[in-house]
Every structure is written in C-alpha cells, then in structure tokens.
Amino acid sequence: MKILVCISNLPDTTTKIKLNSDSKSVDLSGVQWVINPWDELALTRAMELKEKSGGKIEKITVITVGDKIAEPTLRKALAVGADNAVRIDAIASDDYYVAAQIAEYVKKESFDLVMAGIESSDYNGSAVGGMLAEFLEFPSISSVSSVELEGDNFVMKRAIDGGTETVTTSLPAVAIVQKGIAIDPRIPAMRGIMMARKKPLTVEAPADIQAVSEFVNFEMPQPKPPVKMVDAENVGELFRLLHEEAKVL
Amino acid sequence: MIDFEFSEEQIMIQQAARDYAQRELIKDVIERDEKAEFPTEHIKNLAELGFLGMLVDEKWDGGGMDTVSYVLAIEEISKIDASVSVIMSVNNSLVCYGLEKYGNDEQREKYLKPLARGEKIGAFLLSEPEAGSDATKQRTIAEDKGDYYLVNGTKNWITNGNSASTYIVIAHTHPEKGHRGINAFIVEKNSPGISIGPHEKKMGMRSSDTHSVMFTDVKVPKENRIGEDGFGFKFAMKTLEGGRIGIASQALGIASGAFERALQYSQERKAFGTEIFNHQSIAFKLSDMAVKIENARNLCVKAAWLKDQGKPYGTASAMAKQYAADIAMEVTTEAVQILGGYGYVSEYHVERLMREAKLTQIYEGTSEVQKIIISRSLLK
C-alpha cells in the first residue's frame, strides 16, 4: 500500500507577520519555513502506520506545490522518514490551484490513502483536502483524529458532537486529519537526516490550471487594548468595568 | 571565500535539537536541577535521535555529522539544560572522538560503536585531587605487569562518573619520564577494584552526575592502552582541544538561552508606564549581550569549521572556550538583573543558567588555562 501526505510549506507559527506596502501580500523576507503543523502530524501518523504494518505499507510519499523555497521542508519530511518527495514547481496561488495540481499528480500515480492536514496555519483555508477528493472522485473523511490499519483497510475515528464516530471507506480515499492524529510531530534523527540526502526529491512541471481567486487586501488585527488591573479588594470596580466597558455583564 | 550561511542539513540538526529541548527538556529541567536527578530518559531519547555520537563516522555507528552542526545542536540543548549538554559533549567530543581518532579498529569495534549509538555512555578521567590544570602531575599509576596494567589512584569531578560504562583513564606508567610517561587506557566501569564516590553536590549542572572514582589494583588489559606507549599526555591534550568546542558551545547556549528570556521579559514587563525594553538602561544591556553572543557564536563556529577542514584548531577552540565561558557568566548575570526578582527565583530559569555558566569557566580547562594556550600561540 502507498500513502501520500500533502505538505504545506509555511512560515514558522511564531513569525511576526508583516504586510507588504500593497497590502495584497505578506512580507516573507527573513521568514523561517516549516512544515504545516497539521501536515507534520499526518506524516508522523503515516510513519507510525508504516512501521507497524509489517511491510504492508511499503511507501510514503510527500508532496507540495511550491517553489524552490519549499525544498528544505520536503527534505525535513524525508529526514523524518518519508520515502520520496515531490514538488510541483509552481506558486500555491489558491486552494483550488493546489488541490487541482495535486490531483493531477495522484491520477498519474496510485495511492491507497491520501492524507492532508485539516488546514494550513498560514491562510487557514481548510479546503485543499476536500477539493482534492472531489477532483479525484475519491471518498473523503474529514476531521479524522485517529487512523488505524486493520486488515487491508483503514479505520478512522472522528470527533463528533458528544462522541466519536468510527468510519471505514473504500480505497483509495482522502483522510483530512486534525488534532489527535499523532501526539507529537517526529523529530528527525541523525540517521534520517543522513538518509534524506539519498532519497529522491523530484520536481514536476505544473499542469495547465488557473487559480480561481486572488487576494484583494489583507488587514492586520487591531492591537489588543491594554489590560486593566483591578485590586482584589475592589470587587465593585471589577463589576463596573465588566458591565460598562467590557459589556459582558 | 567566506560563507556565513549554514547548510540545510546544519539547520535541520539545529532545529531537531531545538525541538527536543523546547518540547521535552523544558518539562522537567527545574525539577531535575532541584533533585540533582540524572536525565536517564532524555539521554535515551537523545541517543535514539543520534545526538550522543553525532560526530562519529557512520562506519562506527555514529551520525557522521560535522562539527559546525555539533556547535548548533549543543547551543540549542544548552539554552534549556546544560546538564544534558555536558553529558552529550563529554560523550561526543572527549570519549568518542578520542577513540575514533586515536584508538585501533578492535577498540573502535568493541568500545566506540556502543558509545556512538548512545547505548553506553563514556567518561573522561583526567582530573585528580591534586592535578587539574597541571595535567602532568598525575598521581594515578598504571603499573606494567606484562600482559596487563595495574591501576591505582583517584580521579575527581568526573562527569558521567556513575552513569558511564566506559572510562578513558589518564595515568602515569613511568612517573620519572614526566609527561612522556603518561598513557591513556580504556577501562570498563564494572572492573573489579573500582569504587565510586558519592554524587557531588554542585552549584549548577546538578543533574549531571559528577563523582570521584577510586582505583584499587584494577587490572586493565594491555590491549586497552590507546596509542603507542607514552602517548597519553598528547592524547589528552589533543582530545581536550576538541572538547573545548563542545564546552564553548555549551557556554554559548547558556548565554543565548538567558538572553532570549531576558529579551522576551523586557518586552512584557512594564515599569514607569512602558515596557522596560524602552528604557535605555535595559535596551543597552540587551544590545551588549547580543554582541557578546554573536562574537561567541562566531568563535565557536570558526573553531568547528577549522576542525572540519582538517586545519589546526587548538588556539581557535581555546579562544572560543575562554570567550564564550566568560561572556556566559556576564550575560546570565545581566539576564538575572533584567528579570529582577523574577530572575532570582528558579521558575524563570535564568538563575539556573547563571549557576551553570560558572562551571564553563572552570572545567575542561579554566579560562586562565585557555589564556595560557592562547598567549603561547602568539609567540609561534
């Protein structure tokens, strides 16, 4: 069996976001790039499944749509344990574009399970996984918090209101994964870092697809107003502030 | 050509070390310091990640990484926990390096491989109650008995003294020959006649286990001598040259860990109506700290680069160690000052980093010994 894990390359989650003067794009100078945390957990789970599958899962591929800047992130995924990496050589313009590009690649190869993080922590689009399944006409399971390999199929769990749902599906399928899928992302070991040098990272030309949306404007959130400290003795003042200023009482 | 960019791989190793430190070591570092508890689980995890033998060639089950990566990794670990980084430094740059560079293939096969895999830990036994900086005054004697050596003596302040399985012991075989009568031996800790003193109660790096080790008629096989007869002093000095890079990087990490905390605090804490960073007295302190750390990092990386290029690095590593250790003391002291009352309590980490910094000026060659090495190189 083969698993494909979709990877977004994005700024480290602690990056202080600055906008360019046109307010249509983000200033990416000096940014440290990382694997989208959700995708990193998906990859970690894929590795765990492969390791305990007794050879049944033979290959884990990671894929991203991005320019050369994304390659260190792909190589980190290889160091963590993916077997090969694919970069579609294009700027990830919007969710539609990314999903369509990945779909074109999946059509050429065969995968039993495609895993995608529930959202990317930069634009928080939460759309690529679902769109990808539609393009491929694969069943998709969303908000997956657990995947197990049982026999020849994957059994997935989803958190639903007040409980947990257990689902199986025909394969190939898309699993859109969220919190709980793996505990902590894997830290690459020296051996993995060394082996990553020798693993294939292929660059594919993009398919002829046009993005369907464009950014018009970004705005930074208003800075938070300063915290007001109220003396513990002065409960009346606290209630007054909650009532008159915060308007929550 | 000068290139100040780190390679993709070097950055990956730096991030791996940072991730482990910030995610795992941080959880119990204060508690381990208070209880002076050895970080058994962390050492096991770091061994699995390959950090304990990262400099050793793949052929001997090591990580095959360069010394620049090692500097970056030690810095990241030391930002959070210098007790862990000293275990890593001693194992990598004293024990593994010494065996890889100067041991023979049988010794490498038998002793280096498990050390490089991190399954076993090593210790380097040079210091004695009356021989520290003046390493020629060894009183530990290894008497040649034909097919074995008989070792008697006491070694002090041994990092990994109890947790190590493999010791490298420096001892006199021919005291009358001075430093030419010194040899280095691989000694297994469970050899009959070895007794281990109690865990030393220390000012800092309290969760690394420091012990004295006593040798009473300990038989060491002839084949466990490292190098030619009389090679021990040179062995110790050459090995310590590399060890200094590890400790310099540790001091660098202690300084940058304290700096990061002070910088963050200065942007959160308010006094006189504004964040204290906006007061010049604090901003200038942080500026001075940043320059010192940058200098220390450049010295560490330069020494590591020279070593990786196969060029002489003894003076460079002495400069790195002396400077990084001295500024670690200065930077951590200032960090405590910036955090004020918070800085003085354990919860905020910087007081511990200040205690840890002090040791970097003392062990593996005091700052004064480094100055001897540096000043002597000036006349060559």
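Definitions and limits used
Residues numbered from 1 in each chain as written. Chains lettered and ligands numbered in written order. Predicted model: local features only at pLDDT ≥ 70, side-chain atom pairs only at ≥ 80, totals over all residues. Heavy atoms only, no water. Helix = DSSP H or I, 4+ residues; strand = E, 2+ residues; numbered from the N terminus. Rg over C-alpha atoms; globule rule 2.2 N^0.38 Å. Buried < 20%, exposed > 50% of the residue type's maximum accessible area, 1.4 Å probe, protein only. Contact = heavy atoms within 4.5 Å. Areas by Shrake-Rupley, 256 points an atom, 1.4 Å probe, with all protein chains shown as cover. Lys, Arg positive; Asp, Glu negative; His and termini not counted. Charge placed at Lys NZ, Arg CZ, Asp CG, Glu CD. Patch = residues over 30% accessible without salt bridge, like charges linked within 9 Å, V, L, I, M, F, W, Y side chains within 5 Å. Salt bridge = Lys/Arg side-chain N within 4 Å of Asp/Glu carboxyl O. Pairing = 2+ DSSP bridges. Axes fitted to C-alpha atoms, helices over the stretch in contact; angles between N-to-C directions. Core = buried A, V, L, I, M, F, W, Y, C linked by side-chain atoms within 4.5 Å. Phe/Tyr/Trp six-rings, centres within 6.5 Å; stacked < 30°, edge-to-face > 60°. Lys NZ or Arg CZ within 6 Å of the ring centre and 35° of its normal. Buried area = accessible area lost by both parts, 1.4 Å probe. Polar contact = N/O pair within 3.5 Å; in protein donor to acceptor, adjacent residues only side chain to side chain. Nonpolar A, V, L, I, M, F, W, Y, C, P; charged D, E, K, R; others polar. Parallel < 35°, antiparallel > 145°, perpendicular 65-115°, else oblique. Left-handed = near helix turned anticlockwise from the far one by under 90°. Domains from an automatic or database assignment.

With respect to the overall build of chain B
What chain B contains, in helices and strands, is ten helices and ten strands. For chain B, whose C-alpha radius of gyration is 21 Å, the value lies close to the compact-globule estimate of 21 Å for 380 residues. Taken across its 380 residues, chain B has 55% of its residues classed as buried. Intrachain contacts of chain B at a sequence separation of at least 6 include 74% that bridge at least 24 residues. Surface summary for chain B: the accessible area is close to 16,100 Å², and the carbon and sulfur share equals 51%. Between the centroid of the 46 positive side chains of chain B and the centroid of its 54 negative side chains there is a distance of 4 Å.

Regarding a nonpolar patch on the surface
A surface patch of nonpolar side chains, amounting to about 400 Å² of accessible area, comprises V235, F239, V248 and L249 of chain A. Overall, the relative accessible area of 48% leaves F239 of chain A in the partly exposed class.

Some words on the sheet that holds strand β5 (residues 84-89) of chain A
As a general point, the strands of a sheet are linked pairwise by backbone hydrogen bonds and lie either parallel or antiparallel. All names here are of chain A. With mixed pairing, the nine strands of this open sheet are ordered in space as β9-β8-β7-β10-β6-β1-β4-β5-β11. For this open sheet the edge positions go to β9 (163-168) and β11 (201-204), each flanked by a neighbour on one side alone. Within this sheet the neighbouring strands show an average axis-to-axis angle of 30°, counted without direction. Across the sheet, helix α3 (residues 95-108) touches β1 (2-6), β4 (59-66), β5 and β11, and the angle it forms with β4 is around 145°.

Considerations on the pattern of salt bridges
In this structure the tally under the stated criterion is 46 salt bridges over all chains. Between K108 of chain A and E204 of chain A there is a salt bridge, with its nearest N and O atoms 2.7 Å apart. Separated by 96 residues along the polypeptide, K108 of chain A in helix α3 and E204 of chain A in strand β11 bring together distant segments of the chain. A relative accessible area of 56% places K108 of chain A in the exposed class. A cluster of three or more residues bridged by salt bridges with shared partners is formed by K68, E71, R75, R87 and D89 of chain A together with E8 of chain B.

So, the nonpolar core
Note on soluble globular proteins: their nonpolar side chains tend to be buried together. Counting 137 residues, the largest nonpolar core has V5, M115 and F154 of chain A together with F51 and M54 of chain B as its most contacted members. Residue contributions to this core peak at 15 residues, all from helix α6 (residues 232-268) of chain B. In this structure M54 of chain B touches M190 of chain A together with I13, G63, G64, M65, S69, Y70, A73, M88 and N92 of chain B, once residues within four positions along its chain are discounted. By size, the runner-up hydrophobic cluster in this structure holds 26 residues, among which are V114, L132, L136 and V174 of chain A.

Some remarks on the packing of aromatic side chains
Using the criterion set out here, one finds twelve aromatic pairs over all chains in the structure. Plain terms: the ring middles of F215 of chain A and F218 of chain A are 5.0 Å apart, the flat faces sit at 40° to each other, and that makes the pair tilted. Taken together, the ring pairs in this structure connect Y102, F124, F231 and F235 of chain B into an aromatic cluster. Lying across the ring of Y149 of chain B, K222 of chain B places its NZ or CZ 5.3 Å from the centre.

A look at the side chain of S89 of chain B
Among the secondary structure elements, S89 of chain B is positioned in helix α4 (residues 82-102). With residues up to four places along the chain from it excluded, the contact list for S89 of chain B reads Y70, I74, L94, G243, G246 and I247 of chain B.

Side note on the side chain of Q15 of chain B
For Q15 of chain B, the position within the fold is in helix α1 (residues 8-35). Q15 of chain B has contacts with Q32 and K76 of chain A, leaving out every residue within four places of it along the chain.

Focus on the interface of chain B and chain A
Facing 23 residues of chain B, the contacting portion of chain A comprises 18 residues. Around 1,800 Å² of area is buried between chain B and chain A when both sides are counted, 56% of it from carbon and sulfur atoms. Summed over the shared surface of chain B and chain A, the result is four residue pairs in polar contact (both at pLDDT 80 or more). Of all the elements in the fold, those that place two or more residues in the side of chain B that touches chain A are α1 and α2 (40-49) of chain B. Ranked by residue count, the leading element in the side of chain B that touches chain A is α1 of chain B, at eleven residues. Considered class by class, the residues forming the side of chain B that touches chain A number eight nonpolar, six polar and nine charged.

Observations concerning the packing of α6 of chain B against helix α7 (residues 280-308) of chain B
Residues and elements named next belong to chain B. Relative to each other, α6 and α7 sit at 155°, their axes nearing to 10 Å. Between α6 and α7, the angle is such that the two are roughly antiparallel. The hand of the α6/α7 crossing is left-handed. In contact with I245, A248, S249, L252, A255, S256, F259, A262, L263 and S266 of α6, α7 contributes I282, L286, M289, A290, I293, A296, R297, C300, A303, A304 and K307. When grouped by side-chain class, the residues that make up the contact of α6 with α7 number 16 nonpolar, three polar and two charged.

Side note on the environment of N160 of chain B
All names here are of chain B. With respect to the secondary-structure elements, N160 resides in the loop between β3 (148-159) and β4 (166-172). Overall, N160 belongs to the buried group, its relative accessible area being 0%. When the C-alpha positions of N160 and R376 are compared, they lie 32 Å apart, and in sequence the two are 216 residues distant. Among residues more than four places away in sequence, those in contact with N160 are F38, I87, V90, I121, G122, A123 and D209.

Quick word on the domain arrangement of chain B
Residues and elements named next belong to chain B. For chain B, the assigned domains are domain 1 (8-116), domain 2 (122-233) and domain 3 (240-378). One C-alpha centre belongs to domain 2, the other to domain 3, and the line joining them spans 31 Å. With seven residues of domain 2 in contact, the opposing surface of domain 3 contributes eleven residues. Carbon and sulfur atoms supply 74% of the area buried between domain 2 and domain 3, which totals about 680 Å² over both sides. For the pair domain 2 and domain 3, the number of links is zero salt bridges.

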